Amino acid sequence: RRRQAELQHDDALRTMAAEEAETIYLALARLATESRRNPVRDDAPSSVGAMMLNGAFLVDDAARNSFRSVAAELSASLGPDRVIVTGPWAPYSFTELQL
């Protein structure tokens, strides 16, 4: 019973983390011209657990400050290392190779 309770607890935590990641993605995607979900990295360093979202957001210069502000608000409300913004990066996530 104890093991079953542990498994149910772990499953509930994974579900909550996935819902949190979706909330973060949608909040940031609203401010972006385009957005993508990339595969999560297993080797990503985190003090709070596994990476749940690896998003790429193409943000117009005019929306940059708003985007960073919303990301900072999400980070402040969810705790340290829950939302990490890097970049700006070259927009390679939004290119398609056509042969």
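With that out of the way, let us pick up helix 2 (residues 64-78). When the terminal C-alpha atoms of helix 2 are compared, their 21 Å separation across 15 residues agrees well with the 21 Å that a helix rising 1.5 Å per residue should span. Turning to helix 2, its buried residues number three or more, namely F67, A71 and L74. Relative to the axis of helix 2, the buried residues are bounded by an arc of 60 degrees and lie together on one face. Among the exposed residues of helix 2, those pointing more than 90 degrees away from its buried face are N65, E73, A76 and S77. Where the residues of helix 2 are buried, they touch helix 1 (2-29) and strand 2 (54-58). One or two residues past the end of helix 2 sits G79, with phi positive at roughly 110 degrees.

Bringing the nonpolar core into the picture now. Taken as a class, soluble globular proteins show a tendency for nonpolar side chains to be buried jointly. Residues I24, Y25, A27, L28, A29, A32, F57, F67, A71, L74 and V83 constitute the largest nonpolar core, which totals 11 residues. Among the secondary structure elements, those contributing two or more residues to this core are helix 1 and helix 2. Tallying contributions element by element places helix 1 first for this core, with five residues. When sequence neighbours within four positions are dropped, the list of residues in contact with A27 reads V70 and L74.

Turning our eyes to something else, we now look at the packing of aromatic side chains. Taken as a whole and judged by the stated rule, the model has two aromatic pairs. Taken together, a centroid distance of 5.5 Å and an interplanar angle of 40 degrees make the contact between Y25 and F57 tilted. Of this pair, Y25 sits in helix 1 while F57 sits in strand 2, placing them 32 residues apart in sequence. Across the pair, exposure class does not vary: Y25 and F57 are buried alike. Taking the centre distance of 5.5 Å and the plane angle of 55 degrees together, the rings of F57 and F67 count as tilted. One end of the pair, F57, is in strand 2; the other, F67, is in helix 2, with 10 residues separating them in the sequence. Side by side, F57 and F67 carry an identical accessibility label, which is buried.

Conventions and cut-offs
- Residues numbered from 1 in each chain as written.
- Predicted model: local features only at pLDDT ≥ 70, side-chain atom pairs only at ≥ 80, totals over all residues.
- Heavy atoms only, no water.
- Helix = DSSP H or I, 4+ residues; strand = E, 2+ residues; numbered from the N terminus.
- Expected span 1.5 Å × (residues − 1).
- Buried < 20%, exposed > 50% of the residue type's maximum accessible area, 1.4 Å probe, protein only.
- Arc of directions from axis to C-beta.
- Contact = heavy atoms within 4.5 Å.
- Core = buried A, V, L, I, M, F, W, Y, C linked by side-chain atoms within 4.5 Å.
- Phe/Tyr/Trp six-rings, centres within 6.5 Å; stacked < 30°, edge-to-face > 60°.

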